[in-house]
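Here's the letter readout for the chains.
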Amino acid sequence: MLRTARASCPSGLLAGLGMMLFVGCLPDVPVSEPVPEIDPTTIPVAARVSEALAADGRSISWREHVVDDPQVGGVPIEGSDGLEMGDLDGDGVLDIVSVHESDTVYDGEPVGHIRIAFGSESGSDWDLVTLAEGAEAAGAEDVALGDLDGDGDLDVIAACELAHLIVFVNPGEGARSEVWPRVIPTVTSGRGSYIRVFLGDFDGDGALEAVAPNKGAQSPSPDTTEKHAISLYRPGADLLDADGWSEEELARVIIPINSQPVDLDGDGDLDIVGGSRGEGRIFWLVNDGRAVFTERAIRPDPAGPGEVRGLTGFNMDFADLDGDGRLDIVANQWPNSLVWLRQPRDPEDGWRHQIIGDVAPDQPVGVRLADINGDGDLDLMTGSYSRGPRDSDGDVEVSDPLGRLAWFENPGDPEDDWERHDVSRRKRGMFDKFIARDHDNDGDLDFFGTRGNSEPYDGVFWLEQVRTEEPAIRFQAARDIDSAEVAVAPAVADTQ
């Protein structure tokens, strides 16, 4: 192999990688001098030279920044899951609300944290505040933002696995300094295990309702046949009146895992796409415009390529990928794949499915469509779920499901092969949620996300996209000491 380009190697990159020889970190040599061949399957993902290119020809790499974690925030958050962004204090800068279920071990203890990272004009300074902790935030799993009381600012609702919904009313000018009034609606109190929550105006009256699936228990048996509800929750005249909230069941399935609002049929109102982990299916609750819902199946076309199994809808994103005027669905598919489901012209027909790619042996959870390379079409960011110990690296191998960040490049024609670009692969990490933003205003998309399964490194991070004229190392970690970076398993390693 002849070296054709030099790449920078930050000094902090070597920490925790466990290897001292990396492609891209070799001493500079003349272009004509041969460099010994190195098996790419033995090189940690983060230490490899990026071959991903932006539309302008520059190299794409990534730099990690910590927004909130136990060291930065001084609060023992762990088990980080959902997050949302919005301007909570009215200063024109986006803030982050994140939830942390404190789940190193599922012991049923009612603990957790709901946190706010108030942003600043600098983009690098965050004012960190605990909105709730302990029993109020018991197993906090997901969060949504919306103006629930109609006063012009964003309120917060969180789903807690142990076991209620909790609403926080924004105090306005005192958002950063005052205690936020809060309420646990009586109809949700002690009700099992809320896993997701979303806000939307489903009946067109200008007021927001909440929709949430309740899976019954934090760790339901995979053999259970017991059904639980996806429900719509409406506040009364007084948002803080716990007894004023009402519940309307929309569907009952085995281990409901999702209920995402989206106008799937393009008729101007919000439908709901639900998922059942116990039944291995996703489905569609069609809104008639008045919040009267009818369940409709989303059946993968059996004539499509690949086998469809384990399609639970835990995380999904929606876009018209093929340009036919109808929204499609992109979802994670157990155990290792990302799948594209194309909405048919006739809703009763099967949805054509295509495997976008996989991250085997890792198990993808996070799913977010965004134009990462700036070529005008939507790429796919994903993160996986490590299955080893959550508080130490433990005795795991590269062939085990580990914590990976990767993105798939849209080939232009989405029916063609999507190229996978691995970013980082650590022994520990669970990357559940991504939000795409050009946070540093440099013209390319970055991502905010949460990381779990990796105490004491759980928390909120900003993944900055970096574009350089020369190829660079794929990933610059925020910490000198972290869970160890590893290679991709040899049987499934890419060729980059």
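Structure: above.
What counts, and at which threshold
Here the residue numbering is sequential within each chain, running from 1 through the sequence in written order. The predicted nature of this model means local features are confined to residues of pLDDT at least 70 and side-chain atom pairs, given and counted, to a pLDDT of 80 or more, with totals for whole chains, interfaces and linings taken over all residues. As a rule here, side-chain values cover all heavy atoms of the structure and leave hydrogens and water aside. Note on exposure labels: buried denotes an accessible area under 20% of the residue type's maximum, exposed denotes more than 50%, and partly exposed covers the range between, all computed with a 1.4 Å probe on protein chains only. Working definition: helices are DSSP H or I runs of at least four residues, strands are E runs of at least two. Numbering for both runs from the N terminus. By the convention used here, strands pair only if DSSP detects at least 2 bridges between them. What counts as a ring pair is set by centres within 6.5 Å for rings of Phe, Tyr and Trp (its six-membered ring), and what kind of pair is set by the plane angle: stacked under 30 degrees, edge-to-face over 60, tilted for all other angles. By definition, being over a ring means that NZ of Lys or CZ of Arg is both within 6 Å of the ring centre and within 35 degrees of the ring normal. Every axis in this analysis is a line fitted to C-alpha atoms, fitted for helices over the stretch in contact. Angles between the N-to-C directions lie between 0 and 180 degrees.

Focus on the pairing of strand E14 (residues 256–262)
- The buried fraction of E14 amounts to 6 of the 7 residues, a majority that puts the element mostly inside the structure.
- Note: E14 against strand E15 (residues 271–276), 6 bridges, orientation antiparallel. When the sheet's bridge partners are listed, asparagine 258 is paired in E15 with glycine 275.

Some remarks on the packing of aromatic side chains
- The tally for this structure, following the rule as stated, stands at 8 aromatic pairs.
- Consider the rings of phenylalanine 434 and phenylalanine 447, whose centres lie 6.2 Å apart with planes at 80 degrees: the pair is edge-to-face. Pair noted here: phenylalanine 434 is in strand E26 (residues 434–437) and phenylalanine 447 is in strand E27 (residues 446–451), with a separation of 13 residues, a long-range link.
- For phenylalanine 447, a relative accessible area of 0% corresponds to the buried category.
- Here the aromatic cluster, defined as three or more aromatic residues joined through ring pairs, consists of Trp62, Phe434 and Phe447.
- Over the aromatic face of tryptophan 284 sits the side chain of arginine 296, whose NZ or CZ is 5.0 Å from the ring centroid.

Here we look at the sheet that holds strand E20 (residues 337–342)
- Within the open sheet, the 4 strands sit side by side as E18-E19-E20-E21. Their pairing is antiparallel. Looking at the sheet topology across the chains shown, the edges are occupied by strand E18 (316–319) and strand E21 (352–358). Recorded for the sheet is a direction-independent mean angle of 25 degrees between the axes of neighbouring strands.
- Relative to E21, E20 runs antiparallel, the two sharing 6 bridges. For tryptophan 340, the partnering residue across the bridge sits in E21 and is glutamine 354.

Concerning the environment of glutamate 248
- By secondary structure assignment, the location of glutamate 248 is in strand E13 (residues 246–254).
- Looking at glutamate 248, the relative accessible area reads 31%, which means it is partly exposed.
- Placed 15 residues apart in sequence, glutamate 248 and tyrosine 233 show a C-alpha to C-alpha distance of 6.5 Å.

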